[in-house]
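# Examining the three-dimensional arrangement
Chain by chain, the residues run as shown.
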Amino acid sequence: VDAEELAVSAGLSLKIDSGFNEILIKTIDKKGIKPKEIITKSNTTERMFEYIKRGLLPTKQTLTAITISLGLELDEMQALLNKAGYALSKSLPNDMVILFELERRNYNVYLINEVLYELGLPMLGTKTVDSD
């Protein structure tokens, strides 16, 4: 087993691309989706989007939410996550749920979050859910 395989099994990647943020912004532009729409669909905040534009790295959960909201195919999503040093891994419960939902063609972050919440797993995005 090589180091990259071990990293991926932990939800990470050793192949971090220093130009990740530019690639993400170009991907967003190519998709023609307005930032406000991505913010809403991905359960993130304007502040987080500005954070990314400034070249800072979001968390894996936030970046996963953004890639889902862009409607990327799984291989495109994994490639973008890898550029940021992350990976969706079948060995992590949270990632397994996300991968299962994506295989079912569920690209709705809020519906995926419902499943994650019910299972007591970390949810996608940056906005918190108020408890009753």
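Here, the structure is the one placed above.
What this report covers is the structure whose coordinates are included nearby. In this text, all values refer to a predicted model and were calculated from it rather than measured experimentally.

Our focus in this paragraph is the nonpolar core. Counting 29 residues, the largest nonpolar core has Leu24, Ile68, Leu70, Ile98 and Leu124 as its most contacted members. Breaking this core down by element, the ones donating at least two residues are helix H2 (20-31), helix H3 (35-42), helix H4 (46-53), helix H5 (60-69), helix H6 (74-83), helix H7 (93-103) and helix H8 (109-118). Setting aside anything within four residues of it in sequence, one finds isoleucine 98 in contact with Thr64, Ile68, Leu88, Ile112, Leu116 and Leu124.

So, on to the packing of H5 against H6. H6 packs onto H5 with a crossing angle of 145° between their chain directions and a minimal axis gap of 10 Å. Where H5 crosses over H6, the handedness of that crossing is right-handed. Here Leu63, Thr64, Thr67 and Ile68 of H5 lie close against H6, whose contacting residues are Met77, Leu80 and Leu81. Residue composition of the contact of H5 with H6, grouped by class: five nonpolar, two polar and no charged.

Let us look at unusual backbone geometry. Residue asparagine 43 is not a glycine yet carries a positive backbone phi of 60°. A relative accessible area of 8% means that asparagine 43 is categorised as buried.

Cut-off values and rules
Residues numbered from 1 in each chain as written. Predicted model: local features only at pLDDT ≥ 70, side-chain atom pairs only at ≥ 80, totals over all residues. Heavy atoms only, no water. Core = buried A, V, L, I, M, F, W, Y, C linked by side-chain atoms within 4.5 Å. Buried < 20%, exposed > 50% of the residue type's maximum accessible area, 1.4 Å probe, protein only. Helix = DSSP H or I, 4+ residues; strand = E, 2+ residues; numbered from the N terminus. Contact = heavy atoms within 4.5 Å. Axes fitted to C-alpha atoms, helices over the stretch in contact; angles between N-to-C directions. Left-handed = near helix turned anticlockwise from the far one by under 90°. Nonpolar A, V, L, I, M, F, W, Y, C, P; charged D, E, K, R; others polar.

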